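# Notes for the structure review
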Amino acid sequence: ELDKTNRRDNIDAYDALLANGIQPSRSKAEDVPYWRGVAEATNSEIWGSNAVDKSLYADMQAALAKFRAGQSAAGDVAAVSQ
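Residues numbered from 1 in each chain as written. Predicted model: local features only at pLDDT ≥ 70, side-chain atom pairs only at ≥ 80, totals over all residues. Heavy atoms only, no water.

Another aspect to go through is the packing of helix α2 (residues 32-50) against helix α3 (residues 54-69). Remark: α2 packs on α3, axes separated minimally by 10 Å, with the N-to-C direction vectors making an angle of 160°. Classified by the angle between their axes, α2 and α3 sit roughly antiparallel to one another. Crossing of α2 over α3 shows right-handed handedness. Residue-level inspection shows Arg-36, Glu-40, Asn-43, Ser-44, Trp-47 and Gly-48 of α2 in contact with α3, the latter providing Lys-54, Leu-56, Tyr-57, Met-60, Gln-61 and Arg-68. (Axes fitted to C-alpha atoms, helices over the stretch in contact; angles between N-to-C directions. Helix = DSSP H or I, 4+ residues; strand = E, 2+ residues; numbered from the N terminus. Parallel < 35°, antiparallel > 145°, perpendicular 65-115°, else oblique. Left-handed = near helix turned anticlockwise from the far one by under 90°. Contact = heavy atoms within 4.5 Å.)

This brings us to the pattern of salt bridges. Pairing is possible between side chains that carry opposite charge, provided their charged atoms lie close to one another. One pass over the structure, following the stated rule, counts two salt bridges. For Asp-12, the salt bridge goes to Arg-8, with nearest N and O atoms at 3.0 Å. Of this pair, Asp-12 and Arg-8 both sit in helix α1 (residues 2-19), separated by four residues, roughly a single helical turn. Its relative accessible area of 42% is what places Arg-8 among the partly exposed residues. Glu-40 serves as the salt-bridge partner of Arg-68, at 3.9 Å between the closest nitrogen and oxygen. With a gap of 28 residues between them, Arg-68 in helix α3 and Glu-40 in helix α2 connect regions that are remote in the sequence. (Salt bridge = Lys/Arg side-chain N within 4 Å of Asp/Glu carboxyl O. Buried < 20%, exposed > 50% of the residue type's maximum accessible area, 1.4 Å probe, protein only.)

Evaluation of the coordinates by the stated rule reveals two aromatic pairs. Between Tyr-34 and Trp-35, the ring centres sit 4.8 Å apart and the planes meet at 80°, which makes this aromatic pair edge-to-face. (Phe/Tyr/Trp six-rings, centres within 6.5 Å; stacked < 30°, edge-to-face > 60°.)

Before going further, it helps to spend a moment on the confidence of the model for the protein. The share of residues in the protein with pLDDT of 70 or more is 84%, and the mean pLDDT across the chain is 82. In the model of the protein, α3 stands out as the element of lowest mean pLDDT, 85, in contrast to α1, which has the highest, 93. pLDDT under 50 marks residues 73-82. Its contacts with residues more than four places away, or in other chains, come to 19 contacts. (pLDDT = per-residue confidence, 0-100.)

Moving on, we come to α1. Here α1 contains 18 residues, and its C-alpha end-to-end distance of 25 Å stays within 8% of the 26 Å for a straight helix at 1.5 Å per residue. Two residues or fewer after α1 comes Gly-21, characterised by a positive phi angle close to 95°. (Expected span 1.5 Å × (residues − 1).)

This part takes up a nonpolar patch on the surface. On the surface, a cluster of nonpolar side chains totalling about 350 Å² of accessible area is made up of Tyr-34, Trp-35 and Val-38. You can see Tyr-34 is positioned in helix α2. By relative accessible area, Tyr-34 is classed as exposed at 54%. (Patch = residues over 30% accessible without salt bridge, like charges linked within 9 Å, V, L, I, M, F, W, Y side chains within 5 Å. Areas by Shrake-Rupley, 256 points an atom, 1.4 Å probe, with all protein chains shown as cover.)

If you want it as structure tokens, here you go:
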């Protein structure tokens, strides 16, 4: 049930972005590693200075890497709304 609620929240947030004029775009496969690196560096900085439990961040990153290993290289932003 929590997964369904979270999924619905994500879809609602995506729809709100669209309603406010944000336009989705597809990343080129060669750009994905750069942007993931930017996100990882930012997340590491934020969690490194603010996290109560830094091991939680490490666990979360490991789960994300496992999930991404089963995904396409470029991902699909448009899939969020489905």
